[in-house]
2 protein chains.
Amino acid sequence: MDANNRIVVDALQSSNFTRERFLEIRAGGIDCVHATVVIWEDARTTLDLLGAWNRMFREHDDLIAPARNGQEIRDVVAGGRVAVVLGFQNASSFEDDLDLVEVFFDLGIRVAQLTYNIQNHVGASCYEPEDAGLTRFGGYVVGEMNRLGMLVDLSHVGERTSLDAIDRSARPVTITHANPAAVWPHPRNKSDEVLRKLAARGGVLGVAPYAHLTGGGPVAIEEWTSMVAYAVDLMGVDHVGIGSDASHGWDEEKLQWIRKGRWSHVTQLGPASPDAQGWLPWPDFFKTPAMFPTIEQGLRDRGFDDAEVDKLVGGNWMRIFDEGLTPHSDSRPSVVRASA
Amino acid sequence: MDANNRIVVDALQSSNFTRERFLEIRAGGIDCVHATVVIWEDARTTLDLLGAWNRMFREHDDLIAPARNGQEIRDVVAGGRVAVVLGFQNASSFEDDLDLVEVFFDLGIRVAQLTYNIQNHVGASCYEPEDAGLTRFGGYVVGEMNRLGMLVDLSHVGERTSLDAIDRSARPVTITHANPAAVWPHPRNKSDEVLRKLAARGGVLGVAPYAHLTGGGPVAIEEWTSMVAYAVDLMGVDHVGIGSDASHGWDEEKLQWIRKGRWSHVTQLGPASPDAQGWLPWPDFFKTPAMFPTIEQGLRDRGFDDAEVDKLVGGNWMRIFDEGLTPHSDSRPSVVRASA
């Protein structure tokens, strides 16, 4: 938090979190990071991961602290630490059990992506050849997330399931880490229709320097900020933020897990192409989260003014966190809240 | 097994199995029953259910024994006992883990319905408003079942997912408990297209006296055997058997579990209608499995000859069990067998 009480947010990091990662985050001036807990895990294994996060918060309590809403983020940052909002990149932790949405809310989860890279009980991923939209269970899950104050994340979610979720959700939804497909076509990037409708309902897109999402390789900062300008033109400057998708510290074995979990005996490329299957290099302007200031400078160089940059580097995410992460005590069981 | 070495098969019962149920089965002259282990359970809970079956097999070893293929069925029946083939009514036990197909095969499971009543990782149920077909994971699951010798069951499966699975499977697939929708329209009953294609690929349909599948109420034996005649005309007499869907001994609380598992906080009707939400009465000709001979007599009265009746009451299922339940020792890991 700087002199203007501005809070810088990275809306998605999926690294192998260690002290080194948190030091990079702090070095980059990032005040708040949404950190991925779950990729493919079921409920039971998620408990282990949350246990590991509990230990990590204790071990690095000079650097980081968990935060569950806008005020808690501000309090952590005011104390000189990085606020960590925990989230899922998959509804796998909910299994087929609607009650588990509230259970994991109670454990501090504040963002859940509806699918990772396959069809699950909730809907279709962006890689499934056919997408029949949000399922009946998926509709109930979105209703529970609305009731509790857990943000819906559509980053890896299929086109039709995404549109259904935007329609279904009574509160703004997010895409924490993806780029406009009109700029860089890729199953993981998002159509103009999804982005427009998301913005019309108050949502925010987190744009990413992740090379698979920028045309299959690292790009120059000018290309990347041109993409930001495209998103801002399309969605409005109140609806774009940063979600780096930083995923550092994983080895090749973990990469295979990330791509195919337990669901396949043959190679799955995920976002990659047959010619470039491994981890891609990060762009020169964002080798690690420590380089976050380079993104901010790039936005200024592109011509965004101070107020716009403030929104893009964190203000819009803070608005969503303030509006969407209603404390649990405000929620009324079994009633879908009409709005935030 | 009678003097003609004929084996009578009920291809699906989903009761609360107790000694009383097994006595009814024996009283009805049923030699072999495919018994449902799983409705909604995950892998871990399935282990508990299999543990309970192990205890049940020990406790009632004068009456029943497990069987994993045609020869084991014949051996059990030759010893004067009822052969029990264990199966799943849901791929939920496989979760999103392809390795679990073989694990549950090793534990004796020989039939798995791809979905129960919602979308899962494998495909869409007959009740999901949209059906995008067999998923990528679902295709792998069918491949594993083919490799191992575990029968694919499409009874509660959606139309498009069913057609995809018939296309995808290298071995004949089954519908253990459903009726032709052309006779009794209902989401759980099957279109002529599915039934024709299933038969063309060597599969078998088990027709059911279950009242929800016979127009929403119990019918007379003559109406029911007319439906059998329709199925035989459509599919051929080699492709129709009996799968009663007998589901006795459950209370109302269990009925709610059967219909909505953990996935909903509001009432789910399953196969029922708002006007008749509870368990429906069974038809006069099949109050319990002890009345199985009434079905056989009805088929004779309808005009089926001895050879045809033999096929309908068990011969066709035994052909599928002989062809489809290849012993595990014959299977070759990672190779999809082209045929049985």
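Scoring rules and cut-offs
- Residues numbered from 1 in each chain as written.
- Chains lettered and ligands numbered in written order.
- Predicted model: local features only at pLDDT ≥ 70, side-chain atom pairs only at ≥ 80, totals over all residues.
- Heavy atoms only, no water.
- Helix = DSSP H or I, 4+ residues; strand = E, 2+ residues; numbered from the N terminus.
- Rg over C-alpha atoms; globule rule 2.2 N^0.38 Å.
- Buried < 20%, exposed > 50% of the residue type's maximum accessible area, 1.4 Å probe, protein only.
- Contact = heavy atoms within 4.5 Å.
- Areas by Shrake-Rupley, 256 points an atom, 1.4 Å probe, with all protein chains shown as cover.
- Phe/Tyr/Trp six-rings, centres within 6.5 Å; stacked < 30°, edge-to-face > 60°.
- Lys NZ or Arg CZ within 6 Å of the ring centre and 35° of its normal.
- Salt bridge = Lys/Arg side-chain N within 4 Å of Asp/Glu carboxyl O.
- Least-squares fit on C-alpha atoms with pLDDT ≥ 70 in both.
- Buried area = accessible area lost by both parts, 1.4 Å probe.
- Polar contact = N/O pair within 3.5 Å; in protein donor to acceptor, adjacent residues only side chain to side chain.
- Nonpolar A, V, L, I, M, F, W, Y, C, P; charged D, E, K, R; others polar.
- Patch = residues over 30% accessible without salt bridge, like charges linked within 9 Å, V, L, I, M, F, W, Y side chains within 5 Å.
- pLDDT = per-residue confidence, 0-100.
- Pairing = 2+ DSSP bridges.
- Right-handed = clockwise from strand over helix to strand, strands pointing away.
- 1 Å grid on protein atoms, 1.4 Å probe; cavity = no way out; pocket = protein on both sides within 12 Å on 5 of 7 lines; lining within 4 Å.
- Points joined across faces, edges and corners; volume = space filled by probe spheres on them.
- Arc of directions from axis to C-beta.

**Examining the overall build of chain A**
And then number 1: Each helix and strand in chain A was counted, giving eleven helices and nine strands.
And then number 2: By the compact-globule yardstick of 20 Å for 340 residues, chain A fits well, its C-alpha radius of gyration being 18 Å.
And then number 3: Considering only C-alpha atoms, chain A reaches an extent of 45 × 45 × 40 Å along its principal axes.
And then number 4: When the 340 residues of chain A are sorted by exposure, 62% land in the buried category.
And then number 5: Taking the contacts inside chain A whose residues are at least 6 apart along the sequence as the reference set, 73% of them involve residues at least 24 apart.
And then number 6: Put simply, chain A shows about 12000 Å² of open surface, and 49% of that area lies on carbon and sulfur atoms.

**A few points about the environment of Ala199(A)**
Residues and elements named next belong to chain A.
And then number 1: Tracing the backbone through its elements, the reader meets Ala 199 in helix H7 (residues 192–200).
And then number 2: Here Ala 199 falls in the buried class, since its relative accessible area comes to 10%.
And then number 3: In this structure the C-alpha to C-alpha distance between Ala 199 and Val 240, which are 41 residues apart in sequence, comes to 8.7 Å.

**Description of the packing of aromatic side chains**
Residue and element names in this part refer to chain A.
And then number 1: Tallied over the full model, the rule gives 28 aromatic pairs over all chains.
And then number 2: Ring geometry for Trp 53 against Phe 57: centres 5.4 Å apart, planes inclined by 40°, an arrangement best described as tilted. Note that Trp 53 and Phe 57 are positioned in helix H2 (residues 43–59) at a spacing of four residues, about one turn of the helix.
And then number 3: Take Trp 53: its relative accessible area is 6%, and that puts it in the buried class.
And then number 4: One cation-aromatic arrangement involves Arg 110 over Phe 105; the distance from NZ or CZ to the ring centre is 3.6 Å.

**Concerning the pattern of salt bridges**
And then number 1: Counting across every chain of the model gives 38 salt bridges over all chains.
And then number 2: Between Asp96(A) and Arg262(B) there is a salt bridge, and its shortest N-O distance comes to 3.0 Å. Of this pair, Asp96(A) sits in the loop between strand E4 (82–88) and helix H4 (99–106) while Arg262(B) sits in the loop between helix H9 (252–260) and helix H10 (292–302), placing the two residues on different chains.
And then number 3: Look at Asp96(A) and you get buried, because its relative accessible area is 5%.
And then number 4: Residues Glu130(B) and Arg160(A) are paired through a salt bridge, measuring 3.4 Å at the closest nitrogen-oxygen approach. Of the two residues, Glu130(B) sits in the loop between strand E5 (109–113) and helix H5 (136–148) while Arg160(A) sits in helix H6 (residues 159–168), which places them in two different chains.

**Some thoughts on the relation of the copies chain A and chain B**
And then number 1: Least-squares fitting of chain A to chain B yields an RMSD of 0.0 Å, with the transformation described by 0.0 Å of translation along the axis and a rotation of 180°. This pairing of chains is accounted for by a two-fold axis. Rotation axis and chain A: the residue whose C-alpha lies nearest the axis is Ala132(A), separated from it by 2.5 Å.
And then number 2: When the interface residues of chain A are mapped onto chain B, 100% of them again fall at the interface, so both copies present the same face.

**Quick look at the interface of chain A and chain B**
And then number 1: Contact with chain A, which involves 31 residues of that partner, is made by 31 residues of chain B.
And then number 2: Carbon and sulfur atoms supply 50% of the area that chain A and chain B bury against each other, a total of about 2800 Å² over both sides.
And then number 3: Across the chain A-chain B interface, the total number found is 16 residue pairs in polar contact (both at pLDDT 80 or more).
And then number 4: No other element matches the four residues that helix H5 (residues 136–148) of chain A contributes to the side of chain A that touches chain B.
And then number 5: Tallied by class, the residues present in the side of chain A that touches chain B amount to ten nonpolar, nine polar and twelve charged.

**Considerations on the environment of Thr225(B)**
All names here are of chain B.
And then number 1: You can see Thr 225 is positioned in helix H8 (residues 221–235).
And then number 2: For Thr 225, a relative accessible area of 3% translates into the label buried.
And then number 3: Each C-alpha atom, one on Thr 225 and one on Phe 105, is 35 Å from the other, the two residues being 120 residues apart in sequence.

**Looking at a nonpolar patch on the surface**
And then number 1: On the surface, Leu47(A), Val103(A) and Leu107(A) cluster together to form a nonpolar patch covering roughly 230 Å² of accessible area.
And then number 2: By the secondary structure assignment, Leu47(A) is in helix H2.

**Focus on the environment of Ser93(A)**
All names here are of chain A.
And then number 1: Within the secondary structure layout, Ser 93 lies in the loop between E4 and H4.
And then number 2: Here Ser 93 is in contact with Val 38, Glu 41, Asp 42, Ala 43, Thr 46, Phe 88, Leu 100 and Phe 104, once residues within four sequence places are set aside.
And then number 3: At 2.8 Å, the side chain of Ser 93 forms a polar contact with the side chain of Thr 46.

**Observations concerning the confidence of the model for chain A**
And then number 1: Per-residue confidence for chain A gives a mean pLDDT of 94; residues scoring 70 or more make up 95%.
And then number 2: Contacts of residues 327–340 of chain A to residues separated by more than four positions or lying in other chains number 25 contacts, the stretch itself having pLDDT below 50.

**Regarding unusual backbone geometry**
And then number 1: Positive phi, normally seen in glycine, also occurs at Glu95(A), with a value near 50°.
And then number 2: Within the secondary structure, Glu95(A) is located in the loop between E4 and H4.

**Things to note about the pairing of strand E8 (residues 204–207) of chain B**
Residues and elements named next belong to chain B.
And then number 1: A two-sided burial pattern is seen for E8, the buried positions comprising Val 204 and Gly 206 on one face and Leu 205 and Val 207 on the other.
And then number 2: When strand E7 (residues 174–175) meets E8, the two strands line up parallel, connected through two bridges. By the bridge assignment for E8, Ile 175 is matched with Leu 205.
And then number 3: For the crossover from E7 across helix H7 (residues 192–200) to E8, the handedness is right-handed.
And then number 4: Examined bridge by bridge, E8 and strand E9 (residues 240–242) share three bridges and lie parallel to one another. Paired with Gly 206 across the strands is Gly 241, a residue of E9.
And then number 5: In terms of handedness, the path from E8 via H8 over to E9 forms a crossover that is right-handed.

**Regarding empty space enclosed by the protein**
And then number 1: In the structure shown here, the tally under the stated rule is six cavities of 30 Å³ or more.
And then number 2: Its boundaries defined by the atoms lining it, the largest cavity holds a volume of some 260 Å³.
And then number 3: Along its surface, the largest cavity is lined by 21 residues, and Glu95(A), Asp96(A), His121(A), Glu95(B) and His121(B) are the ones closest to its centre.
And then number 4: When grouped by side-chain class, the residues that make up the lining of the largest cavity number seven nonpolar, six polar and eight charged.

**With respect to the pairing of strand E1 (residues 9–13) of chain A**
Residues and elements named next belong to chain A.
And then number 1: Among the five residues in E1, five count as buried, and that is most of the element.
And then number 2: Pairing between E1 and strand E2 (residues 32–38): three bridges, direction parallel. If you follow Asp 10 over to E2, its bridge partner there is Val 33.
And then number 3: Regarding the hand of the β-α-β motif, the stretch spanning E1, helix H1 (residues 19–27) and E2 is right-handed.

**Considering H7(A)**
Residue and element names in this part refer to chain A.
And then number 1: By the burial criterion, the buried members of H7 are Val 194, Leu 195, Leu 198 and Ala 199. Projected down its long axis, H7 shows its buried positions confined to an angular sector of 125°, all on one face.
And then number 2: Residues of H7 that are buried make contact with H6, strand E7 (174–175), strand E8 (204–207) and helix H8 (221–235).
And then number 3: Directly after H7, the chain includes Gly 202, whose backbone phi takes a positive value near 90°.

**Section: the side chain of Ser155(A)**
And then number 1: With respect to the helices, strands and loops of the structure, Ser155(A) is situated in the loop between strand E6 (151–153) and H6.
And then number 2: Among all residues touching Ser155(A), those that are not within four sequence positions of it are Gln113(A), Ile175(A), Thr176(A), His177(A), Arg188(A) and Lys190(A).

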